[in-house]
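Summary of the model geometry
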Amino acid sequence: MNRLHSQAEWIARARAVLPAGGFGNFDPGIVIARGQGSRVWDEDGTEYVDYLIGSGPMLLGHGHPEVMEAVLEQLPLGMTFFANNARGIELAEAIVAAVPCCEQVRFVASGGEADMYAMRLARAYTGKPKILKFEGGYHGMSAEAQMSLAPAREVNFPTPVPDSAGIPQGVADEMLIAPFNDLDAVASLLSEHGDIAAIIVEPLQRIIPPRPGYLQGLRDLCTRHGVLLIFDEIVTGFRLAYGGAQERYGVVPDIVTLGKIIGGGFPLAALGASTEIMAHFDKALVGADRWLMQLGTLSGNPVAAVAGLKTMEVLRRPGQYDRLRALGQRLMDMQSAALTEAGIAYRVCGDPTLFDLYFTDADPVDYRSARHRDPQASALWNATLRENGVFKSPGKLYPSLALTEDDLDLTEAAVRKAAQAIAAR
């Protein structure tokens, strides 16, 4: 691996061969060279406490020794086969045992694929065309998912706003958009439209928590109207609890999508449901007209499967989620203390396992209310944190089980400097 080039040189090389100079995921102005435990280093050797953790999958930290051992044992046996393998079957068994709505699963390579197939599965099962999603909800990069993900203009519900070029009007015609945390809006749409196949929802929408009773209300409405409920648990699965949001909130959907943690840092995702619903992946059971075709070169590959299996084994050990929540609460509390002391308006939003700040004096409850009253404060906050050794997304902070007391001390010092920087403007 080449360590002779500076980060600036790598950035220049990226601009020549990558659109916008990056992979499309994150700030292309930083190039990560390596990660270990709770830390990452860029190509100039600058060290950071990592709260991005690959956008969520590295819950155990980078290079966890037991995960590495499992992967290294598998590599000489084969990396992928495009055929069933025992490790993938074992992972499916572990997911079915953990996730309440799952009786069977089907593997894919990314969360976006899982969400796309979940919506298609709901249409195949119900015979209905429309999908209801929530404004601001993120469900990958399919045409359906790119409806009203981050609309720059407000339109009347339930009109969708495409967030990407290249999406035909026909997709918009089959999508309905509602505000998150508003049961009355959902009830009204279900009463008006008898052709809705499913509601797809992040149980914790980005970092916005559901109001008490909201998810159960969705469950009850879907049952009443014969509509499937899809929980997108790409992020929340095995993070909010071992059984994900279903365990944490006590609400069971019809279909779930999973990713990130179940691959242990490798490309792997899944969707799961009852045997009756999943029968649509079996042509012999449902016939050619009702069969949902799905395949993928790397789906269920054994390297990702063993990484996921070992990660899940570690997470099952006593005290892991208590520790994760305690770490997240300490991070929440240190930020609250610094901002309160500095007299800055803010809201900590999310769950101790996944959260961030809004610089506002209003409680965020949906996409339109989850906005910074002071966007410059947010930009300065994140920039100051990075300058002081804290690496995170502009809109999320992911705690990991690899965090140490030294990491928390460094983070607290950076947080205080960030609060002071905002106060001194």
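If you're wondering where the values come from, they're calculated on a predicted model, not measured in any experiment.

**Quick notes on the packing of aromatic side chains**
All chains considered together, the criterion is met by seven aromatic pairs. Centre to centre, the rings of Tyr48 and Phe391 are 5.7 Å apart; their planes meet at 45 degrees, and the pair counts as tilted. Taken together, the residues span a long stretch of sequence, with Tyr48 in strand S3 (residues 47-50) and Phe391 in strand S13 (residues 390-391) at a distance of 343 residues. Taken as a pair, Tyr48 and Phe391 share a single burial class, namely buried. When the ring of Phe180 is compared with that of Tyr214, the centres are 5.1 Å apart and the planes differ by 75 degrees; the resulting orientation is edge-to-face. Here Phe180, found in the loop between strand S6 (175-178) and helix H6 (183-192), pairs with Tyr214, found in helix H7 (residues 214-225); they are 34 residues apart in sequence, far enough to count as distant.

**Here we look at helix H4 (residues 111-126)**
Here H4 spans 23 Å end to end across 16 residues, near enough to the 22 Å set by a 1.5 Å rise per residue. Gly127 sits one or two residues past H4 and shows a positive phi near 75 degrees.

**What to know about the nonpolar core**
Within the largest apolar cluster, 68 residues are counted, with the highest numbers of intra-cluster contacts made by Ile95, Val99, Phe134, Val186, Ile199, Phe238 and Leu315. When residues are assigned to domains, this core turns out to be shared by domain 1 (31-63 + 323-424) and domain 2 (65-316), each giving three or more. Those residues in contact with Ile199 that lie beyond four places of it in its chain are Leu132, Phe134, Val186, Leu190, Cys222, Val227, Leu228, Leu229 and Ile230. Ala118, Met119, Met147 and Ile234 belong to the second largest nonpolar core, which has 28 residues in total.

Parameters at a glance
Residues numbered from 1 in each chain as written. Predicted model: local features only at pLDDT ≥ 70, side-chain atom pairs only at ≥ 80, totals over all residues. Heavy atoms only, no water. Phe/Tyr/Trp six-rings, centres within 6.5 Å; stacked < 30°, edge-to-face > 60°. Helix = DSSP H or I, 4+ residues; strand = E, 2+ residues; numbered from the N terminus. Buried < 20%, exposed > 50% of the residue type's maximum accessible area, 1.4 Å probe, protein only. Expected span 1.5 Å × (residues − 1). Core = buried A, V, L, I, M, F, W, Y, C linked by side-chain atoms within 4.5 Å. Domains from an automatic or database assignment. Contact = heavy atoms within 4.5 Å.

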